[in-house]
Structures are given as C-alpha cells and as structure tokens.
Amino acid sequence: MNSLKTATLRFASLASSATGALGKRDFTRSLWHMTKKPATVGGTGGGDHVTVLNVHKPSINCTCGCNVHTKGERELVEFLTEEIIAERKVQKGKTVPTTLEGFSVKLSGADVELTKQTDKEKVVVSFNVNHTVDSEEEPEINPNADKPDLGEMRSKPQFEVDIIRGNSTLSFTCSYLQGEAQEGEYNDVFSIDELSIFEGEWNDKVYAVAGDVLDGYLYDLLMNLLEEKGISNEFAEKLSDLATAHEHTSYIGLLEKLSKFTAGGK
C-alpha cells in the first residue's frame, strides 16, 4: 500500500462524520491532516480546509499541577477529542458478538478465537486484527474534495482453521480473496494458503504444503470439508464483519489511551 493510500485509509472525513452523511462505513481516518492549512483547528486560515466538529476542548492539566503542556501535546489532545467523537459516530458494531454461527467467540487484545466443540472433534478459528484494515475499492483520491470517497474499510485477516481430533490436528491457513471472480472461476470468498497435519503442538518441524500447488480436485474436496465444518463463504463474510467491528473498537480504544497518556492521565 502506498503512503498516500495508507494515510488516507487511516483517517475518514471529519466533515462527513459531522453531518452524518454515511452511506457505508467510512472511518474518520481521512485527509484531515493533509488538507488542513497551518491555522487554528477548525479555522479558515485560507486555502483548503475541512470543517471539524465544534466540541469543547478540555483543559489539559499536568500531573505535577503546573497546568502547562507543550504545544504539540495540546494540539494532539485537541485533535484526539474530535477524532474519538467522530469515530464513535460512524461505529457500526458497539460490541462484538459472543457467538457466531455456532462458534463461541473469545477476545484477547488483538487476538480473536472462535471455537465449536462436538463429540468427535473441536474446530478452532483464530486470527489477529492488527494491520488487517483496507479499502474495499481502490479510491481515486482528490485532496480538495470536501467528502472524498475512500471506499468501505473492512478487516479481512488471514485466519487459521484447526480441526482437532484427540491429539491430531488438521490445520488450514486461509486468506480472503481480492477482487471479483472472473468468468469460469469459483466465486469463493477465501482460499486455502497452506495445509498441515500434526500430533500434539505445532512446531517448525511440521511439514506444510501451499494451497496453490495442491491437486485441483484435492483442493476442491478440502474446501468442501471446510464448508461441512461451518467454514463457508457466508461464515467468512460474517467473520470479516466481526473482525471489522473488533478492529474499529480497538482503534477507538487506542485513541482514547493515547489522549489520556498525552494529557498526563494514568
């Protein structure tokens, strides 16, 4: 991802968030810092600018009681105050569901684990939401636009599927496919990147084979097996919804911690 796209996708238009013009999930990770001229926040210091939320700026008190902070810290907290409010306005999922398609959901920081237990086996789906957010489409960036179309941002993490029977584990590494399926291709949402089977705990000595070198018919049979275990295209779409909600909640939490840290809180 080039630097312009990365910067753009990490912020959404505060102006769009403030007016509530949210056709689909547009994070407020946008062109705010790229289009703002050197002037007071929300001011009109000439040239291109965006309108930010008109919120009360909290006073910033040092823990030492001196009631003074550096200019950089003050400006950072002012921006974070606005950014957190804007992110909450566009937040779709306030909480992550505790179950998904028969799987129980467990969160541990950026890690997510889904588990389904039967009499014969246990199926575990696990992933991490760090660095998984991207735009659904390749946007055409116009820095001068009041409401740039950034595309819908979603988390599509690489995920592991472990089918555990006793001491044996059949393990799949899967990832979401990019773009639309071409004519004659299967319309799969995800693909098998790697396959392995091992006893006990996994280690570096376990042999693994890449999905793209598997026999085509064997690959299809393995995809059918995953679907029978509940890992279908529909499940993968809902998994992305869950990951997107958890990533966004985690991002807002990071902003809140950054604001508290900068303001001298504990």
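Residues numbered from 1 in each chain as written. Predicted model: local features only at pLDDT ≥ 70, side-chain atom pairs only at ≥ 80, totals over all residues. Heavy atoms only, no water.

As annotated in an unreviewed UniProt entry, the protein carries the name Complement component 1 Q subcomponent-binding protein, mitochondrial and is attributed to Drosophila albomicans. Quoted verbatim from the Sequence similarities (unreviewed entry) field of UniProt, the annotation for the protein is "Belongs to the MAM33 family." (UniProt positions renumbered as here; feature names shortened; annotations may be inferred.)

1. Here's the deal with the overall build of the protein
The secondary structure content of the protein amounts to 6 helices and 10 strands. If you take every contact in the protein between residues at least 6 apart in sequence, the share linking residues at least 24 apart comes to 58%. Summing over all exposed atoms, the protein offers an accessible surface of approximately 15,300 Å²; the carbon and sulfur share of this is 50%. (Helix = DSSP H or I, 4+ residues; strand = E, 2+ residues; numbered from the N terminus. Contact = heavy atoms within 4.5 Å. Areas by Shrake-Rupley, 256 points an atom, 1.4 Å probe, with all protein chains shown as cover.)

2. Description of the side chain of Ser 259
Its place among the elements puts Ser 259 in helix 6 (residues 233-262). The residues contacting Ser 259, other than those within four sequence positions of it, are Val 77, Leu 80 and Ile 84.

3. Topic: the layout of surface pockets
Estimated volume of the second largest pocket: approximately 330 Å³. Every residue lining the second largest pocket is counted, 18 residues in all, and those nearest its centre are Asp 162, Thr 169, Ser 171, Phe 198 and Trp 202. Those elements that place two or more of their residues in the lining of the second largest pocket are strand 4 (122-128), strand 7 (159-165), strand 8 (168-176) and strand 9 (190-199). Top element by residues in the lining of the second largest pocket is strand 9. It accounts for 4 residues. (1 Å grid on protein atoms, 1.4 Å probe; cavity = no way out; pocket = protein on both sides within 12 Å on 5 of 7 lines; lining within 4 Å. Points joined across faces, edges and corners; volume = space filled by probe spheres on them.)

4. Comments concerning the sheet that holds strand 10 (residues 208-210)
One open sheet accounts for 8 strands, arranged 1-2-3-4-7-8-9-10; its pairing is antiparallel. Edge positions in the sheet fall to strand 1 (99-100) and strand 10, since each has one partner strand and no second. Pairing of strand 7 with strand 8 involves 7 bridges; the strand directions are antiparallel. From the neighbouring strand, Arg 165 faces strand 8, where its bridge partner is Ser 168. Across the sheet, helix 5 (residues 216-228) is in contact with strand 7, strand 8 and strand 9; its angle to strand 9 comes to roughly 85°. (Pairing = 2+ DSSP bridges. Axes fitted to C-alpha atoms, helices over the stretch in contact; angles between N-to-C directions.)

5. Details of the pairing of strand 3 (residues 111-117)
Across 5 bridges, the pairing between strand 2 (residues 103-108) and strand 3 is antiparallel. Residue Ser 104 lies in a different strand from strand 3, and its bridge partner there is Thr 115. Direction of pairing for strand 3 relative to strand 4: antiparallel, over a ladder of 7 bridges. If you follow Gln 117 over to strand 4, its bridge partner there is Lys 122.

6. What about the packing of aromatic side chains?
One pass over the full model with this rule turns up 3 aromatic pairs. For the pair Phe 103 and Phe 235, a centre-to-centre distance of 5.1 Å together with 45° between the ring planes defines the contact as tilted. Here Phe 103, found in strand 2, pairs with Phe 235, found in helix 6; they are 132 residues apart in sequence, far enough to count as distant. Summarising the burial analysis for this pair, Phe 103 and Phe 235 share the class buried. (Phe/Tyr/Trp six-rings, centres within 6.5 Å; stacked < 30°, edge-to-face > 60°. Buried < 20%, exposed > 50% of the residue type's maximum accessible area, 1.4 Å probe, protein only.)

7. Here we look at the nonpolar core
Within the largest apolar cluster, 32 residues are counted, with the highest numbers of intra-cluster contacts made by Leu 114 and Phe 159. Elements supplying a minimum of two residues to this core: strand 2, strand 3, strand 4, strand 7, strand 8, strand 9, helix 5 and helix 6. Residue contributions to this core peak at 5 residues, all from helix 6. Apart from the residues lying within four places of it in its own chain, the contact partners of Leu 114 are Leu 100, Phe 103, Ser 104, Val 105, Val 123, Val 124, Val 125, Phe 127, Phe 235 and Leu 239. Counting 6 residues, the second largest nonpolar core, distinct from the first, contains Leu 80, Ile 84, Tyr 251 and Ile 252. (Core = buried A, V, L, I, M, F, W, Y, C linked by side-chain atoms within 4.5 Å.)

8. What to know about the environment of Gly 179
Position of Gly 179 relative to the elements: it lies in the loop between strand 8 and strand 9. Exposure remark for Gly 179: the relative accessible area of 69% places this residue in the exposed category. Gly 179 sits 10 residues away from Val 189 along the chain, and the two C-alpha atoms are 9.7 Å apart.

9. A word on a nonpolar patch on the surface
A grouping of Leu 76, Leu 254 and Leu 258 is seen on the molecular surface, where their side chains present a nonpolar patch of about 230 Å² in accessible area. Tracing the chain through its elements places Leu 76 in helix 4 (residues 71-90). (Patch = residues over 30% accessible without salt bridge, like charges linked within 9 Å, V, L, I, M, F, W, Y side chains within 5 Å. Salt bridge = Lys/Arg side-chain N within 4 Å of Asp/Glu carboxyl O.)

10. Brief notes about helix 5
With 13 residues, helix 5 extends 19 Å between its outermost C-alpha atoms, agreeing within 8% with the 18 Å of an ideal straight helix rising 1.5 Å per residue. Three or more residues of helix 5 are buried, namely Tyr 219, Leu 222, Met 223 and Leu 226. Down the axis of helix 5, the smallest arc covering the buried residues is 100°, so these residues share one side. Exposed side of helix 5, more than 90 degrees from the buried face: Tyr 217, Glu 227 and Glu 228 are the residues found there. Those residues of helix 5 that are buried are in contact with strand 7, strand 8 and strand 9. For helix 5, the N-terminal cap is Asp 215; the gap from its side-chain oxygen to the backbone nitrogen of Tyr 217 is 2.9 Å. (Expected span 1.5 Å × (residues − 1). Arc of directions from axis to C-beta. Polar contact = N/O pair within 3.5 Å; in protein donor to acceptor, adjacent residues only side chain to side chain.)

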